[in-house]
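So you can see what is in the structure, the chains are spelled out below.
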Amino acid sequence: LATFAYVRPEGGPAPTFLVRTPYNKHVAEILAYAVATQGFNVVVQDCRGRYASTGQFTFGAFEDEDGVATMDWLSAQQFPWYDPDRVVMFGISYLGIVQWALVA
């Protein structure tokens, strides 16, 4: 899944703001920069089959699996700024759906 990260200017472990979106991750770049300047690391990802992510988009069908896979992938990368115990998500509409799917 196509993903980009903005690391807060101070670097180092901090809460990570995760956004998974079907609306094009590049639309969130200004938000990501603004949130990073407030002390968060920001990860934004296109949902499966949307924009730069491969696969077939089927409304809500893979959001649980893809959300867990995203969290696992972030942990496996051993990014020095990533703390798996401090991940927050935000959003309404489909961005809310992907949050519920991840925690359900």
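Note that the structure is a prediction, hence the values are computed from the model and not measured.

*Asks:* A description of the sheet that holds strand 2 (residues 14-21) should follow, citing residues and the corresponding values.
*Replies:* With respect to topology, four strands assemble into an open sheet ordered 1-3-2-4, the strand pairing being mixed. Of all strands in the sheet, those bounded by a partner on one side alone are strand 1 (3-6) and strand 4 (82-89). In this sheet, adjacent strand axes meet at a mean angle of 30° when their direction is disregarded. Relative to strand 3 (residues 41-46), strand 1 runs antiparallel, the two being bridged by four bridges. For Thr-3, the partnering residue across the bridge sits in strand 3 and is Gln-45. Sitting on the sheet, helix 1 (residues 29-36) touches strand 1, strand 2 and strand 3, and the angle it makes with strand 1 is about 35°. Together, strand 1, strand 2, strand 3 and strand 4 form the strand contacts of helix 2 (residues 63-77), whose direction differs from that of strand 2 by roughly 145°.

*Asks:* Give a description of the nonpolar core that names residues and reports values.
*Replies:* In this structure, Phe-4, Phe-17, Val-19, Ala-28, Ala-32, Val-35, Ala-36, Val-42, Val-44 and Leu-95 together form the largest nonpolar core, which totals 10 residues. Where this core is concerned, the elements lending two or more residues are strand 2, helix 1 and strand 3. The greatest single-element share of this core, amounting to three residues, is contributed by helix 1. Not counting residues within four places of it along the chain, the set of residues in contact with Phe-17 comprises Leu-31, Val-35, Phe-40, Asn-41, Val-42, Val-43, Val-88 and Phe-90.

Analysis parameters
- Residues numbered from 1 in each chain as written.
- Predicted model: local features only at pLDDT ≥ 70, side-chain atom pairs only at ≥ 80, totals over all residues.
- Heavy atoms only, no water.
- Pairing = 2+ DSSP bridges.
- Helix = DSSP H or I, 4+ residues; strand = E, 2+ residues; numbered from the N terminus.
- Axes fitted to C-alpha atoms, helices over the stretch in contact; angles between N-to-C directions.
- Contact = heavy atoms within 4.5 Å.
- Core = buried A, V, L, I, M, F, W, Y, C linked by side-chain atoms within 4.5 Å.
- Buried < 20%, exposed > 50% of the residue type's maximum accessible area, 1.4 Å probe, protein only.

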